[in-house]
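Each chain, written out:
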Amino acid sequence: MRNLRNIGLAAGLALSVSVSALSAYASEPTVPPAPTPFPAEGKINYVARDSILEFKALPQYHEPDWVTEKYVKTGKLPPVKDRLPKEPLVFKTGNMQDGIGVYGDTMRHVIGGRPEGWNYGAGQTQGWGGIDIGLSECLTRTAPLFQVEAKDTEPLPNLARSWDWSSDGHKLTMHLVEGAKWSDGVAFNADDVMFYWDDEVVDPNVSPLNGATQETFGVGTTLKKIDDYTVEWTFKEAFPKQYLYAMAYGTFCPGPAHILKPQHPKYSKNTYDQFKNAFPPEFMNMPVMGAWVPVEYRPDDIIVMRRNPYYWKVDEKGNQLPYLNELQYKLSTWADRDVQAVAGSADFSNLEQPENFVASLKRAAEANAPARLAFGPRLIGYNLRMNFSANGWGNPDERGQAVRELNRNEDFRKAVTMALDRKALGDSLVKGPFTAIYAGGLSSGTSFYDRDSTVYYPFDLEGAKAELAKAGLKDTDGDGFVNFPAGTAGGKNVEVVMLVNNDYTTDKSLAEGVVAQMEKLGIRVVLNGLNGTQRDASQYSGRFDWLVRRNDQELTSVVQNTEQLAPVGPKTSWNHRAPESGEVDLMPFEKDLVDIVNKFVSSEDNDQRASLMKQFQKISTEHVYNVGLTEYPGALIINKRFSNIPQGTPIFMFNWAEDSIIRERVFVAADKQAKYELFPEELPGKPGDKGPMD
Ligand code: BQZ
Ligand code: CA
């Protein structure tokens, strides 16, 4: 065993990897190499949390002139002040980089997903890429917090305008915005919140799109209505302030109960499937609380959204938001989004596929480039995740079951991680300073990351083969692939089916790289490439042995989607869930991870939280809870005509940039407005009607 000092581990080793384990490898576990510094462009102007917005009544309100002329004066709509809450959400001018905006123009998005329908609460995607983000308004809001110092912040008020903790910290009373209306004019109130909670989150037959379950808000948590504008949470832990993050986008964005409830099996003859599919993509003008409403859907072509005349947010001059009259979502591919954004035929992209970095940088550097491109911190990462369920999640066949048992064998996991040449994987995506070796666990770009708490098993093919042998796998028929032991899955070659999202070049490139490198180790990996929607369905139901997946918020912010860090509930982890009936069969180290996450959630002490995340990082990387592949920075590409784009907005942190730039405050100066609107001076129609209001 080489002397510890020789492998550069600092004295007073932060890792407590047992010495005996060290002697087992040709190369010792160590900390990941320091990533090449990558200067995030566009410094973030940090602000105080309460400098962004407030709720208050203003002396007067305004709307686009054409709304007054065409809709109010003709009696089709009430005056704007009657369409707003008593005290609307007011965005403070001081936090608006270019100040008060003007009405007009549109933002043209391109997306790679496709809409299944409008029933987000029952698990239907609208195609991602900012559509669901723009439709959804949630109890709290976290994406704009990228500009607030992490240590002293908490989620922003949104549909919940304020909240109070009981003295013992087990109850949280939430006060909802009063007098806000859905885009069809129907009042928003606690019944919407309770329908989402009782009939979509708690109802075991319904899975909301971003996977909220009761345990997302704490095991045993309950919620009840106090009055039309007050709900009360009850938690087992005291002061679990962490859950205010779970009440933001993805996990607590109520739908219109007046439209959904009549279709729900508890209140109709519908099956759960009929409920989920009750609002197909063709169902236009689905009532939303968001700033824009779907008025046009042309399959494989475009979705067009028009401004919501009842939107409940204003600027400090009383101008009802949004400034932009329209949003467009061209139905194309994720790679095309980058191309169109830099070319100027679209307006926005999260540059997240390294294969497009060089071409996008070149185009954006040209003098007449229509779009700005700015890189942020290294927060885009990929993990290979192994299905740890050996008790039936996903109903595996004999071979699948045998692979899951191997996944639960730490020697097997170490063999896999040591056989990965992560430098080669990163270089296969893009050369240059972008990609970094990523051991797994928390992203290096998050404030909770601690490199000295990260156990990295360096690339070492011989050492990996030794681990594979320790796991009891040998190539008994000499064809280069190890076999199951005799009597297991017929003693055939170990064959692993790896699920991958075919919608992204990057996901496919990494998956193909893993297949090639596993072949050198002697493990046969077969790709199961599906589109995003099918991939999500297979993954949520546990129908995978391994999974290559881009990181989500729990690894890039830790405080968002925290429950996804470990199997704290039956359906919270990406790669380890309970079968239909039964518990999650936790391994000992997973029990430690669950305890750490539960302690983190109910701790208010920032130092304790930081140290809990160091423990999480050490245990999860030492035991290879997930196998890191690579990580790199993303870049925001946005057309130069837009104003109020906060400088330094990261494409992904608490949420994606579609949320973080606060699109309802974005505007185009009058002299830069283009004639891109497809439905100029039109407003949404009635729920289910075709197209805009006639
Ligand atoms: C951003 C995002 C906005 C989902 C989705 C998509 C789904 C996943 C993930 C990203 C897309 C874009 O990501 O890639 O840049 O615009 O939509 O929601 O990958 O397949 O299930 O988690 O966010
Ligand atoms: Ca063999």
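Since the model is a prediction, treat every value here as computed from it, not as a measurement.

Rules behind the numbers
- Along each chain, residues carry numbers from 1 onward, in the same order as the chain's sequence is written.
- The order in which chains are written sets their letters, starting at A; the order in which ligands are written sets their numbers, starting at 1.
- A pLDDT threshold of at least 70 governs which residues receive local features in this predicted model, and a stricter bar of 80 or more applies before side-chain atom pairs are shown or counted, although totals over entire chains, interfaces and linings include all residues.
- In computing side-chain values, all of the structure's heavy atoms are included and hydrogens and water are not.
- Secondary structure counts use DSSP, requiring at least four H or I residues in a row for a helix and at least two E residues in a row for a strand, with both numbered from the N terminus.
- Residue contacts follow a heavy-atom distance rule, with two residues in contact if any of their heavy atoms lie within 4.5 Å.
- Metal donors were taken as nitrogen, oxygen and sulfur atoms no farther than 2.8 Å from the ion, or 3.2 Å where the ion is Na, K or Ca. Water is excluded, so coordination may look unfinished.
- A four-donor site is called tetrahedral if each angle lies between 85 and 135 degrees; a four-donor site is square planar, and a six-donor site octahedral, when trans pairs exceed 155 degrees and the remaining angles lie between 65 and 115; all other cases are labelled irregular.
- Whether a residue is buried, partly exposed or exposed follows from its accessible area with a 1.4 Å probe, protein chains only, as a fraction of its type maximum: under 20%, in between, or over 50%, in that order.
- In these notes, residues near a molecule or strand are those with any non-hydrogen atom within 4 Å of it.
- Whenever a nitrogen or oxygen atom comes within 3.5 Å of another N or O atom, the pair is scored as a polar contact, on the condition that within protein one atom can donate a hydrogen and the other can accept it, and that pairs from neighbouring residues in sequence are kept only if both atoms are in side chains.
- Under the convention used here, a 1.4 Å probe and the Shrake-Rupley method define accessible areas, while residue burial counts only the protein chains that appear.
- A pair is scored as a salt bridge if a Lys or Arg side-chain nitrogen falls within 4 Å of a carboxyl oxygen belonging to Asp or Glu.
- We call two strands paired when DSSP finds no fewer than two bridges between them.
- Think of each axis as a best-fit line through the C-alpha atoms, taken over the contacting stretch in the case of a helix, with angles from 0 to 180 degrees between the N-to-C directions.
- Only a pair of cysteine sulfur atoms within 2.5 Å counts as a disulfide in this structure description.
- To sort the angles, those under 35 degrees are grouped as roughly parallel, those over 145 as roughly antiparallel, those from 65 to 115 as roughly perpendicular, and the leftovers as oblique.
- We call a crossing left-handed when the near helix sits turned anticlockwise from the far one by less than a right angle, and right-handed when that turn is clockwise.
- Only Asp, Glu, Lys and Arg are considered charged, only Ala, Val, Leu, Ile, Met, Phe, Trp, Tyr, Cys and Pro nonpolar, and every remaining residue, Gly among them, polar.
- Confidence of the predictor in every single residue is expressed as pLDDT, which spans 0 to 100.
- The rule is short: rings of Phe, Tyr and Trp, with Trp giving its six-membered ring, pair when the centres are within 6.5 Å, and they are stacked under 30 degrees, edge-to-face over 60, tilted in between.
- Counted as over-ring charges are cases with an Arg CZ or a Lys NZ within 6 Å of the ring centre that also lie within 35 degrees of the ring normal.

### A short note on the side chain of His576
- Mapped onto the elements, His576 comes out in the loop between α16 (553–556) and α17 (588–601).
- Here His576 is in contact with Phe388, Ser389, Trp393, Arg408, Pro567, Val584, Asp585, Leu586 and Glu590, once residues within four sequence places are set aside.

### Re the coordination of the calcium ion (ligand 2)
- Bound to the calcium ion (ligand 2) are the protein donor atoms Asp475 (OD), Asp477 (OD), Asp479 (OD), Phe481 (O), Asn483 (OD1) and Asn493 (OD1), situated 2.2 to 2.5 Å from the metal.
- Geometry at the calcium ion (ligand 2) is irregular, judged from the six donor atoms that bind it and their angles of 75 to 171° at the metal.
- As a motif over one chain, the donors of the calcium ion (ligand 2) read D-x1-D-x1-D-x1-F-x1-N-x9-N.
- Asp475 gets classed as partly exposed once you look at its relative accessible area, which sits at 29%.

### Here we look at the site of ligand 1
- The immediate surroundings of ligand 1 are formed by 16 residues, with Arg337, Glu352, Tyr504, Arg550 and Glu658 found nearest.
- Within the side chain of Glu352, a nitrogen or oxygen atom sits 2.7 Å from an oxygen atom of ligand 1.
- Separating an oxygen atom of ligand 1 from a side-chain N or O atom of Arg550 is a distance of 3.0 Å.
- Its free accessible area being 470 Å², ligand 1 has 94% of it covered by the protein chains.

### A closer look at the pattern of salt bridges
- Evaluation of the coordinates by the stated rule reveals 42 salt bridges.
- Among the ionic pairs, Lys81 bridges to Asp82, the shortest N-O distance being 3.2 Å.
- Ionic pairing is found between Glu352 and Arg337, a salt bridge with its closest N-O pair at 3.1 Å. Taken as a pair, Glu352 in the loop between β14 (348–351) and α9 (357–365) and Arg337 in helix α8 (residues 334–343) lie far apart in primary sequence, 15 residues in all. Take Glu352 and Arg337: they sit in the same class, and that class is buried.
- A single salt-bridge network, built from bridges that share partners, covers Glu137, Arg141, Lys313, Asp659 and Glu664.

### Overview of the sheet that holds strand β22 (residues 635–639)
- Taken together, three strands build an open sheet; the order of strands is β14-β22-β15 and the sheet is antiparallel. The sheet is open, and its two borders are formed by β14 and β15 (371–375), each paired with just one other strand. The sheet shows a mean angle of 15° between the axes of neighbouring strands, taken without regard to direction.
- Note that β15 and β22 share five bridges and pair antiparallel. In the strand pairing of β22, Ala371 is matched with Asn639.
- Its contacts with the sheet place α8 against β14, β15 and β22, and it is angled at close to 125° to β14.
- Across the sheet, α9 is in contact with β14, β15 and β22; its angle to β15 comes to roughly 130°.

### Here's the deal with the sheet that holds strand β12 (residues 313–315)
- Spatial strand order, β1-β2-β12: three strands in an open sheet with mixed pairing. If you trace the sheet from one side to the other, it starts and ends with β1 (53–55) and β12, each paired once. Ignoring strand direction, the axes of neighbouring strands in this sheet form an average angle of 30°.
- Note that β1 and strand β2 (residues 89–91) share three bridges and pair antiparallel. Residue pairing for β2: Leu53 is matched across the bridge by Phe91.

### A closer look at the state of the cysteines
- Evaluated as defined, the whole model comprises one disulfide.
- Linked covalently through their sulfurs, Cys138 and Cys253 form a disulfide whose S-S length is 2.2 Å. Taking the sign of the S-S torsion, about 85° here, the bridge from Cys138 to Cys253 comes out right-handed. With Cys138 in the loop between α3 (131–135) and β4 (140–141) and Cys253 in the loop between α5 (243–246) and α6 (257–260), this pair connects stretches of sequence that are 115 residues apart.
- You can call Cys138 buried: its relative accessible area is 4%.

### Let's talk about helix α11 (residues 410–418)
- Counting buried positions along α11 yields eight of nine residues, so the element is predominantly enclosed.
- Along α11, the residues that are buried comprise Asp411, Phe412, Arg413, Lys414, Ala415, Val416, Thr417 and Met418.
- Residue Asn409 occupies the N-cap position of α11, its side-chain oxygen lying 2.8 Å from the main-chain nitrogen of Asp411.

### Observations concerning the packing of α17 against helix α18 (residues 606–622)
- Here α17 crosses α18 at 165°, and the two axes come no closer than 10 Å. Comparing their axes, α18 and α17 come out roughly antiparallel. The way α17 lies across α18 gives a crossing that is left-handed. Between α17, through Phe589, Asp592, Leu593, Ile596, Val597, Lys599 and Phe600, and α18, the contact on the second element is made entirely by Arg609, Leu612, Met613, Gln615, Phe616, Ile619 and Ser620.
- A breakdown of the residues in the contact of α17 with α18 according to their chemical character gives nine nonpolar, two polar and three charged.

### A short note on the pairing of β14
- A two-sided burial pattern is seen for β14, the buried positions comprising Phe348 and Asn350 on one face and Ser349 and Leu351 on the other.
- The pairing of β14 with β22 spans four bridges and is classified as antiparallel. Bridged to Ser349 within β22 is Ile637.

### What to know about the confidence of the model for the protein
- In the predicted model, the protein carries a mean pLDDT of 95, and the fraction of residues at 70 or more is 96%.
- Throughout residues 1–24 the model reports pLDDT below 50, and contacts reaching past four residues in sequence, or to other chains, amount to 35 contacts.

### Re the packing of helix α12 (residues 422–429) against helix α14 (residues 505–521)
- Running from N to C, α12 and α14 cross one another at 145°; their axes reach a closest spacing of 10 Å. Regarding α12 and α14, the two cross each other, and that crossing is right-handed. Listed contacts from α14 to Ala424, Leu425 and Leu429 of α12 are Thr506, Ser509, Leu510, Gly513, Val514 and Gln517.
- When grouped by side-chain class, the residues that make up the contact of α12 with α14 number five nonpolar, four polar and no charged.

### Examining the packing of aromatic side chains
- Applying the stated rule across the entire model yields 33 aromatic pairs.
- Both rings, one in Phe279 and one in Phe283, keep their centres 5.2 Å apart while their planes meet at 85°; by these two values the pair is edge-to-face. Each member of the pair, Phe279 as well as Phe283, carries the same accessibility label: buried.
- Centroid distance Phe375 to Phe434: 5.5 Å. Interplanar angle 35°. Geometry classified as tilted. A residue pair is termed long-range when its members are at least 10 positions apart, and Phe375 in strand β15 and Phe434 in the loop between α12 and β17 (436–437) qualify at 59 residues. This pair shows no difference in class: Phe375 is buried, exactly as Phe434 is.
- Grouped by ring-pair contacts, the aromatic residues Trp165, Tyr196, Trp197, Phe217, Trp233, Phe235, Phe239, Tyr243 and Phe252 constitute a single cluster.
- Over the ring of Tyr676 we find Arg108, and its NZ or CZ is 3.8 Å from the ring centre.
- Over the face of the ring belonging to Trp574 we find Arg549, whose NZ or CZ atom lies 3.9 Å from the ring centre.

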